[in-house]
Amino acid sequence: MKNRSFTPVGSMHPVLFFVGVYAVALFFSIFICSSLFYSCNSSSASPLTEKTGQPVEKQAIIATAVAMNQ
């Protein structure tokens, strides 16, 4: 008769589970914290937020509307 009813890897299942949960939580916390850090420390003068002028389509619509009113 077999005295052992479980394997060593099977007995380590709870430990391996919590190590996996810890690794996933660590990965997401690093990702979230780095995203917050970079968003708080970004420069305010980025090229995407600067106004360069009105688009051509908008000017053409305004000119057409003015010509129709006269």
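Draft legend 1. Geometry of the overall build of the protein chain. The secondary structure content of the protein chain amounts to 3 helices and 0 strands. Reading the helices (α) and strands (β) of the protein chain from amino to carboxyl end gives α-α-α. Looking at the protein chain as a whole, 0% of its 70 residues qualify as buried. Per element, the accessible surface of the protein chain, about 7000 Å² overall, is 70% carbon and sulfur.

Draft legend 2. Expanded view of a nonpolar patch on the surface. A cluster of nonpolar side chains, contributed by Val24, Phe27, Phe28, Phe31, Ile32 and Leu36, occupies part of the molecular surface with about 640 Å² of accessible area. Checked against the element boundaries, Leu36 lands in helix H2 (residues 13-40).

Draft legend 3. Local environment of the packing of aromatic side chains. Enumeration according to the criterion identifies 3 aromatic pairs in this entry. The interplanar angle of 75 degrees and the centroid separation of 5.3 Å between the aromatic rings of Phe17 and Phe18 together place this pair among those described as edge-to-face. Measuring from centroid to centroid gives 5.5 Å for Phe27 and Phe28, while their planes differ by 65 degrees, and the two rings are edge-to-face. On the basis of relative accessibility, which here comes to 44%, the residue Phe28 falls in the partly exposed class.

Draft legend 4. Molecular detail of the confidence of the model for the protein chain. When the pLDDT values of the protein chain are averaged, the result is 75; 54% of them are 70 or greater. Mean pLDDT across the elements of the protein chain ranges from a minimum in helix H3 (residues 56-69), with 54, to a maximum in H2, with 94.

Conventions adopted
- Residues numbered from 1 in each chain as written.
- Predicted model: local features only at pLDDT ≥ 70, side-chain atom pairs only at ≥ 80, totals over all residues.
- Heavy atoms only, no water.
- Helix = DSSP H or I, 4+ residues; strand = E, 2+ residues; numbered from the N terminus.
- Buried < 20%, exposed > 50% of the residue type's maximum accessible area, 1.4 Å probe, protein only.
- Areas by Shrake-Rupley, 256 points an atom, 1.4 Å probe, with all protein chains shown as cover.
- Patch = residues over 30% accessible without salt bridge, like charges linked within 9 Å, V, L, I, M, F, W, Y side chains within 5 Å.
- Salt bridge = Lys/Arg side-chain N within 4 Å of Asp/Glu carboxyl O.
- Phe/Tyr/Trp six-rings, centres within 6.5 Å; stacked < 30°, edge-to-face > 60°.
- pLDDT = per-residue confidence, 0-100.

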